[in-house]
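Residue-level structural notes
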Amino acid sequence: MATYFTSTTGNDNNSGNQSFPFLTIARGLQSVVTGDTLYIRGGAYSEEINNQTQVVASGTSWSNPVTISSFSTEIVTLNGGGRLNLNGYGSTIAQYIIFNGLILDGQTTGDTGVFFGGPLVHHIRLQNSEVRNYFHQGIQGYDNTNIELINVKSHHNGIDRLKHGLYMAVQNLLIDGCEFYSNSGYGIQLYHQSGTNLELNGGIVRNTRVYNNLGDGGVTINNTSNFLFCNNLVYNNVGEGVGVCYNGVNSVRIFNNTFYGNGGNAINICAGVPGTSIQNNIIYNNSGAINDVSGLSFQNKNLINQNPFFVNQSSLDFHLTATSQAVNAGATLIEVTTDFDGTTRPQGSGYDIGAYEFVIFIPSLSITCDDSLPWTLISSGVFINNSLLKTVNFSIKPARWICFRAISEVNGNPWASCAELSVLVNGVSLLPKSSWTIWCFDSQEVGSGNLASRCIDEDINTFWHTQFITGTPGYPHNLVIDLGRPYPLNGFTYLPRQDGGINGTVARYEFYISDYFIPSGRVMQLSMMQPFLAM
Ligand SMILES: [Ca+2]
Ligand SMILES: [Ca+2]
């Protein structure tokens, strides 16, 4: 169970430990045996991982795997056409290998980004990774079993309609929490022309976004007798949403998906395909709805071409609002136990239709870093996922202390970050902030200089980030600020980090105020009280 390191500042004659890392991934792979981990430090590597030209060690089980991973949250890119190739058509076995946190960038010249081929390649997990800008297919795999793609983005791959974000025929395929977008063909093509007819049996695609693909559609499902496609968001593809057509395909379950803005039919079922079950789907604003040429599908509790009252369809937020007729209107489907966000189904009196379950959000009144102030919740909501300034207005509230409470991150990661937090007086940002103090916070990353104070230093290029190097405390994250004296606040602004990174960008937030000054009976640590005792 050894751990090795590779770094762009390393040396292949080193021992490969954290202090003396290797220079190349290739050298790291030479040392790794069953049970070992190779950490790749941040940076760009003009290399590939290829079991036809290198020895890539295998594990023996998911609890004794080989792991090849970026280190912490560092960004690792294999560029220059570098790819991940595990070919098991010959005699080379590849099993129980975890690839984590890798960006594979074809830079428009690479052939196929990821290839898993042949029956000797199985139990491979690719996670938290990105495959982009390949000339041919993004991710490809045939004739193998138990491939898992978890939180993988595959985008801008291919040069024509036969090149796809993913092109696979794999038994027990799991695609969970992924994104396939802006590929030249399908986002997801599940098909094998020369393989066995039912090669894809037992597969699942769930909690996945498929959008803006330029070919014949978002998804096509073939070669399978038992496939589950659930909790997915399929939108704005040039062609169809999902097609079910070829090579003996039958008994596909299309459950609890949201189809929006696709240029063809949301769902196409070809002639002779038996046993398709289409339930609990929202189908809205596509060129067509369900086109079942077979006439054999079972259709139940779909909300078709009726306004589902999304939270904000123009910004592609397909969460439901309280008045949506999709709420509690679905069938109970035992295969679908959670929603796109991981929320347990059902909430309320029954299953909702679409990829999201409507949740009545009850904010917690506990402030982790200071539970003792009499806080008042003023505002809560979900910010749009981009780096633009967010402004929240409310009626005038006098307050001296504010608490910005982050509840979730845009990608579901445990961190929070903030370039600048400001409050509004008469709708204008209160400046300067020189009299403000960070009163308390639950986490900051000292190692990278992303202190809590960076959130109020009037510099948009600096930002607060919660701990990520030696630990990753989870949500909620609290930032309590003393404005120095009470002001008649009528809003606040949140500016996400402006460096192009997205980690920690806040999605759901709560904003609290307190206008009390050390009420009786309050228990505070002396260090926290010091600024006030001095007044
Ligand atoms: Ca419900
Ligand atoms: Ca700042």
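As the structure is a prediction and not an experimental result, all values here were calculated from the model.

Definitions and cut-offs
- Numbers given for residues are sequential positions, taken from 1 along each chain in its written order.
- The naming scheme follows written order: chains are lettered A onward, ligands numbered 1 onward.
- Where totals are concerned, whole chains, interfaces and linings use all residues; where local detail is concerned, this predicted model gives features only for residues with pLDDT of at least 70, and gives and counts side-chain atom pairs only at 80 or more.
- Helix numbering and strand numbering both begin at the N terminus, where a helix is a DSSP run of H or I of at least 4 residues and a strand a DSSP run of E of at least 2.
- Exposure is read from a count of other C-beta atoms within 10 Å of each residue's own; the residue is exposed at 12 or fewer, buried at 20 or more and partly exposed in between. C-beta atoms are placed from the backbone.
- Think of it this way: build a C-beta for each residue from its backbone, and any pair within 7 Å is a contact.
- Here, a nonpolar core denotes buried Ala, Val, Leu, Ile, Met, Phe, Trp, Tyr and Cys residues that are linked to one another through C-beta atoms within 7 Å.
- The split into domains, and so the bounds of each, comes from an automatic or database assignment of domains.
- Two strands qualify as a pair provided that DSSP identifies no fewer than 2 bridges between them.
- The pLDDT score gives, residue by residue, the confidence of the prediction method on a 0 to 100 scale.

Some remarks on the environment of H164
Tracing the backbone through its elements, the reader meets H164 in the loop between β12 (139-155) and β13 (166-171). Given 30 C-beta atoms within 10 Å, H164 falls into the buried group. With 115 residues separating them in the primary sequence, H164 and I49 have C-alpha atoms 21 Å apart. When near neighbours in sequence (up to four residues on either side) are disregarded, H164 contacts Q137, G138, G158, N183, G185, Y186 and Q189.

Some words on the nonpolar core
Residues V114, I124, I188, I221, F229 and V242 are the most contacted members of the largest nonpolar core, which totals 95 residues. Both domains that furnish three or more residues to this core are identified here as domain 1 (1-154) and domain 2 (158-164 + 211-360). Each residue touching I221, except ones within four places of it in the same chain, is listed here: L190, F227, F229, V242, V244, V249 and V252. Counting 37 residues, the second-largest nonpolar core is a separate cluster that includes W436, I456, V480 and I481.

Some thoughts on the pairing of β12
The pairing of strand β10 (residues 114-117) with β12 spans 4 bridges and is parallel. Residue pairing in the sheet places F115 in a bridge with Q140 of β12. In this structure, strand β11 (residues 121-132) lies alongside β12, joined through 9 bridges in parallel fashion. Looking at β12, one finds that R125 is bridged to E148. Sheet topology note: the β12/β13 ladder contains 6 bridges and is parallel. Each residue of the ladder has a partner; that of Y142, found in β13, is A169. Two strands pair when backbone bridges link them, and β12 and strand β14 (residues 174-176) are joined in this way by 3 bridges, in the parallel orientation. Note on β14: the bridge partner recorded for L149 is I175.

A few points about the confidence of the model for the protein
Chain-level statistics for the protein give a pLDDT mean of 90 and a share of 93% at 70 or above. The model gives residues 362-367 a pLDDT under 50, and that stretch makes 9 contacts with residues more than four places away or in other chains. Low confidence marks residues 516-535, where pLDDT is under 50. Its contacts with residues over four positions away, or in another chain, come to 12 contacts.

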